Amino acid sequence: MDRTGQIVGEKYRLSRLIGEGGMGEVYEAQHTIIGRRCAVKFLHPEMARQAEVVTRFVREAQAASAIGHRGIIDIYDVGTTPDGAPYLVMEFLEGASLGGRLETSGRLPVHTAVEIVAQVLSALRVAHQRGIVHRDLKPDNIYLVESPGSPMVVKLLDFGISKMTVVGDGQQRMTQTGAVLGTPVYMSPEQAAGRSDADHRLDIYAMGVILFELLTGRLPYGGTN
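Our subject in this report is the structure included herewith. Predicted, not measured: the structure shown is a model, and the values here were computed from it.

Criteria and cut-off values
Residues numbered from 1 in each chain as written. Predicted model: local features only at pLDDT ≥ 70, side-chain atom pairs only at ≥ 80, totals over all residues. Heavy atoms only, no water. Pairing = 2+ DSSP bridges. Helix = DSSP H or I, 4+ residues; strand = E, 2+ residues; numbered from the N terminus. Axes fitted to C-alpha atoms, helices over the stretch in contact; angles between N-to-C directions. Contact = heavy atoms within 4.5 Å. Buried < 20%, exposed > 50% of the residue type's maximum accessible area, 1.4 Å probe, protein only. Arc of directions from axis to C-beta. Polar contact = N/O pair within 3.5 Å; in protein donor to acceptor, adjacent residues only side chain to side chain.

Description of the sheet that holds strand β10 (residues 153-156)
- Pairing is antiparallel in the open sheet, where three strands are placed in the order β7-β9-β10. Since the sheet does not close on itself, it has two edges, and those belong to β7 (95-97) and β10, each with one partner. Across this sheet, the average inter-strand angle for adjacent strands is 25 degrees, counted without regard to direction.
- Relative to β7, helix α3 (residues 98-105) is tilted by about 85 degrees, and along the sheet it contacts β7 and β9 (142-145).

This is the structure in structure tokens:
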């Protein structure tokens, strides 16, 4: 379903589709009153019928807002359309994902790789202090915002399967023993085993894998399963 031209939440006009994946789609939009450019992320209808997926979708907004760091994408609003589609309104980022950069370059210069990882670790430090573990760190969830004449800013995306160890009233714990969530090649052994006691160190492990990949152009481990 193409939503181009629709006005969401009575104030966000969708101008074009800019991305689509297995879980949903993202549109460029503009606030109809103040003119601010933004991005609106929707869940696919089949996903919107799954209560756990919707809860994780809202979790993304909760986690990003709770961290409050410039290296975490800003979420402005959350809601549901009249036809039942959950959506998030986010800051509009111009640049490319780290995954896209790797596809074109193969590997990065040492100083660039170190700068990217340092910025992500700065954001993760605050997230971990807030009791939030990302659990799905990978190049596709790291975005490089680049503007002429300005230093590169690295943004961390997609807290949809994050684990919030500090849970307030009415919030749900999304983790259960034996649940395996994340992207296998970046998982620590504890996370891959579905251990319920895996903590923030699994994010540090994933960043180690990413740093290795940035410097060498390959993953540290390979296998068929």
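Examining α3
- Along α3, the residues that are buried comprise L98, G99 and L102. Considered in projection along α3, the buried side chains sweep an arc of 105 degrees and stay on one side of the axis. For α3, the exposed residues set more than 90 degrees away from the buried face come down to E103 and T104.
- Those residues of α3 hidden inside the fold are in contact with β7, α4 (110-129), β9 and α6 (201-216).
- Just downstream of α3 lies G106, where phi reads positive at about 85 degrees.

What to know about the side chain of K155
- Considering the arrangement of structural elements, one finds K155 in strand β10.
- Classification of K155 as buried rests on a relative accessible area of 9%.
- A distance of 3.0 Å separates polar atoms of two side chains, one belonging to K155 and the other to E91.
- Setting aside anything within four residues of it in sequence, one finds K155 in contact with R70, G71, I72, I73, E91, L93, N141, I142, Y143 and V145.

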